[in-house]
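If you want the building blocks of each chain, they are given just below.
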Amino acid sequence: MEKIAENLQACYEIFLSLKLGSNGMKIPFLRPSPPRLSELLGDLIQIEKSGIFTNFGPMNTRLEGEATRRFFGGAGGCITVNNATIGLMLAMAEAVGGRASGRRYAVMPSFTFAATAQAAMWVGLTPLFCDVDPHTWLACPDSENALLEQYGDDIALIVPYATFGNNLDLGRYEKIVRERGVPVVVDAAASLGSIGADGFGFGYGSSFSIVFSMHATKTFATSEGGMIYSADEDRRNRLRAMANFGFSAPRTATMLGLNGKLSEVSALIALERLRSFDAIVEHRANLAKAYRDALKPVFGFQQARGRRLAYQFMPALLPAKSAGRRKDIIAELEEVGIGVASYFSPHLAEQSFFQNNCVAGDLPHTTAISRRILSLPMADIMTLGEVDRVVESLMRAVGHEATMGEEA
Ligand SMILES: *Cc1c(COP(=O)(O)O)cnc(C)c1O
């Protein structure tokens, strides 16, 4: 019986290798590889023995301290949360002083993940979509300013997104807070590992909340988890209380709250991720460079700002003339075992729920980018050889010779 199963397996593998070509392992879009749980047994036993499983126990305290040192040179502080969506809800509610009522807007790019808008809606805000810059793909200052002028006092909050880990100009938003008195929360879900021009982790020194994700699919891969950074200690204290049912005195709610606590096991996984993290981000940056160098003649790319980006995957723009064939191109790559996605298409203003419940400004650049966007595979365990394979298949799919490999 076992023999038959073995033979079947062997036949299946031959079939796969024929279908996928001679060097034929699959290249999935993402291959989450958080720290190996099997190697954390000693620490897991520690947690079990301590009897402290959550409620900001020792693992959380260590994680917050180490993250603050590693990413922000010890300036400001981090508050752990159980995921970035809850983190965004807490940070938004904190920024506007509770749950909003009436038609109050949260300005955010339409070119972001659904969680940005969902979080605002849970807080009672109405997403108001702005356009993105055609080069950096970050919220477009002109578009944001136009909405600020048009909607004036109805704007409760601005929520820029640090697109695909790009280093948003935080100085501009500090100025808006100072001059207009409109609060800001940054969706930096994919930014752990990104380094700004100042040499510190993205968000460094920010007076408002910067919200990071530690989801398994992000560069800082754990399982579920998030972190809010702010240099403002009062804000951090409020966020801490809000993430603990709004308790600022024992079992006494004094403000809006929910359960946003990260478990000790999740904090342990995150601590472990911190150890190897720099090498992971560097490796991904090298993969991104290889993608860019090889695809540059034909594809468009995001203009990176700051010193380093943490790549969750590799975003690229199809040649304009191929955009209409995107579905076929993705299917063609799928045929040879390569997983490709298209974040963020449809963008938020194109999704029916948001279309029906939100307001959109003019979005010409968002529309153009979203139509052409492809998200190419990336993983901690991805090799440069695998990048070559993706490039070759992609170039073939858009009708170009790959001009890399041999002469490079
Ligand atoms: C992943 C992501 C989120 C949500 O993060 P979770 O930790 O999964 O809740 C929010 N916003 C953006 C832009 C994201 O990419």
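Quick summary incoming for the structure in this document. (Residues numbered from 1 in each chain as written. Predicted model: local features only at pLDDT ≥ 70, side-chain atom pairs only at ≥ 80, totals over all residues. Heavy atoms only, no water.)

Turning our eyes to something else, we now look at the site of the ligand. Taken together, 13 residues lie near the ligand, and Ala84, Thr85, Asp187, Ser213 and Lys218 sit nearest. Here aspartate 187 contributes a side-chain N or O atom positioned 2.8 Å from a nitrogen atom of the ligand. Note that an oxygen atom of the ligand is positioned 3.2 Å from one of the side-chain N or O atoms of lysine 218. Isolated, the ligand exposes 390 Å² of accessible area, and the fraction of that covered by the protein chains is 91%. Taking a 2 Å distance to the grid points as the criterion, the majority of the atoms of the ligand fall inside the largest pocket. The class makeup of the residues in the shell around the ligand is five nonpolar, six polar and two charged. (Near = heavy atom within 4 Å. Polar contact = N/O pair within 3.5 Å; in protein donor to acceptor, adjacent residues only side chain to side chain. Areas by Shrake-Rupley, 256 points an atom, 1.4 Å probe, with all protein chains shown as cover. 1 Å grid on protein atoms, 1.4 Å probe; cavity = no way out; pocket = protein on both sides within 12 Å on 5 of 7 lines; lining within 4 Å. Sits in = over half its atoms within 2 Å of the grid points. Nonpolar A, V, L, I, M, F, W, Y, C, P; charged D, E, K, R; others polar.)

Judged by which residues are buried, strand S10 (residues 314-317) turns out to be covered on both faces: Met314 and Ala316 on one side and Pro315 and Leu317 on the other are all buried. Sheet analysis places S10 next to strand S12 (residues 373-376), joined by four bridges and oriented antiparallel. Its bridge partner lying in S12, methionine 314 is registered against leucine 376. (Buried < 20%, exposed > 50% of the residue type's maximum accessible area, 1.4 Å probe, protein only. Helix = DSSP H or I, 4+ residues; strand = E, 2+ residues; numbered from the N terminus. Pairing = 2+ DSSP bridges.)

A separate point is empty space enclosed by the protein. Applying the stated criterion across every chain yields a total of two cavities of 30 Å³ or more. Its boundaries defined by the atoms lining it, the largest cavity holds a volume of some 60 Å³. Along its surface, the largest cavity is lined by 13 residues, and Pro32, Ala216, Thr217, Lys218 and Arg284 are the ones closest to its centre. Per-class residue counts for the lining of the largest cavity are five nonpolar, four polar and four charged. Its volume calculated, the second largest cavity comes out at about 40 Å³. Forming the walls of the second largest cavity are Phe164, Ala190, Ala310, Tyr311, Gln312, Phe313 and Pro315. A class-by-class count of the residues in the lining of the second largest cavity yields six nonpolar, one polar and no charged. (Points joined across faces, edges and corners; volume = space filled by probe spheres on them.)

Keep in mind that these numbers describe shape and distance, not what the molecule does.
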